[in-house]
Amino acid sequence: MGFGAIIIGDEILSGRRQDKHLAKLIELLGERGLKLSWVRYVTDSRPFLVKTLQETMATGDVVFSFGGIGATPDDHTRQAAAEAVGQPLALHPEAEAILRGKFGDDTTAHRLQMGVYPVGAAIIPNPYNQVPGFSIAKHYFVPGFPVMAWPMVAWVLDTCYAELFHAEDYVEQAVTVWDAYESQLVALMERITADYPDVTVFSLPAFADGERRRSIELGVKGTAERVAAAMAEILAELAARSFSWDDKA
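Here goes a summary of the coordinates provided.

Rules used in this analysis
Residues numbered from 1 in each chain as written. Predicted model: local features only at pLDDT ≥ 70, side-chain atom pairs only at ≥ 80, totals over all residues. Heavy atoms only, no water. Pairing = 2+ DSSP bridges. Helix = DSSP H or I, 4+ residues; strand = E, 2+ residues; numbered from the N terminus. Buried < 20%, exposed > 50% of the residue type's maximum accessible area, 1.4 Å probe, protein only. Contact = heavy atoms within 4.5 Å.

Structural notes on the pairing of strand 9 (residues 171–178)
And then number 1: Pairing analysis gives eight bridges linking strand 9 to strand 11 (residues 215–222), with the strands arranged antiparallel. Looking at strand 11, one finds that Gln173 is bridged to Val220.
And then number 2: As paired strands, strand 9 and strand 12 (residues 245–247) are joined by three bridges and run antiparallel to one another. Within strand 12, the residue paired with Thr176 across the bridge is Asp246.

Regarding the pairing of strand 3 (residues 62–66)
And then number 1: For strand 3, the tally of buried residues reaches five of five residues, placing the bulk of the element in the interior.
And then number 2: Because side chains alternate across strand 3, one face comprises the buried residues Val62, Phe64 and Phe66, and the other comprises Val63 and Ser65, equally buried.
And then number 3: Sheet topology note: the strand 1 (residues 3–8)/strand 3 ladder contains five bridges and is parallel. Each residue of the ladder has a partner; that of Phe3, found in strand 3, is Val62.
And then number 4: Pairing between strand 3 and strand 8 (residues 139–142): four bridges, direction parallel. The residue bridging Val63 from the neighbouring strand is His139, located in strand 8.

Some details on the environment of Arg40
And then number 1: Mapping Arg40 onto the fold places it in strand 2 (residues 38–42).
And then number 2: Among the residues examined, Arg40 registers a relative accessible area of 30% and is labelled partly exposed.
And then number 3: The spacing of Arg40 and Thr52 is twelve residues in sequence and 8.7 Å in space, taken between C-alpha atoms.
And then number 4: Excluding residues within four positions of it along the chain, Arg40 makes contact with Ala5, Ile6, Ile7, Thr52, Glu55 and Thr56.

Spelled out as structure tokens, the structure:
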């Protein structure tokens, strides 16, 4: 089982807004010893959303879906989720109670639409304005607004998946190698890959720009013991070749 993300919105794909959910989801997962396996950016098209959800539900992964769960004509996520799981939409009793408690005498049929989910869905509490999200088929549907979405994702993780926290022996360790070219480090990376096939070697170059020096972020990821051994060899080789480096925070 992996963790995935679906980020919905024409405004993101057109560039009118910049996505902030991906980085925050990675952070929320990382704080709990988990990692993101994949992400999809999706247009506000109901047929495309249905197809996407059918595909992602077939994976068995835990998926967080951001956006499109409102009650305006351009929001299609609730309807697409219902079609993807083959269930009708219905007003969720607990969501109805929350919405009526929030709006009181100002409760309208339109506002109650925000509590209409696929039959069989469960609610996700919204600490910001109480309008809940919903979950079904290990997919967790939250609003596109970060101030609402992020605490809701944290609640899902802490409530539903705490037994997975830090369960996997997986770490990343890297150093910033100064004034190096990737071509100078390829042979070292190839040797580490051959000697430690159970870890992943990575490098991320940064070009010189103004006062910023050229550098390579060089590291490995895998089990703690194997990462420590591989990094020890990397640092010994860097020292032997007189490269300077700093630990990567």
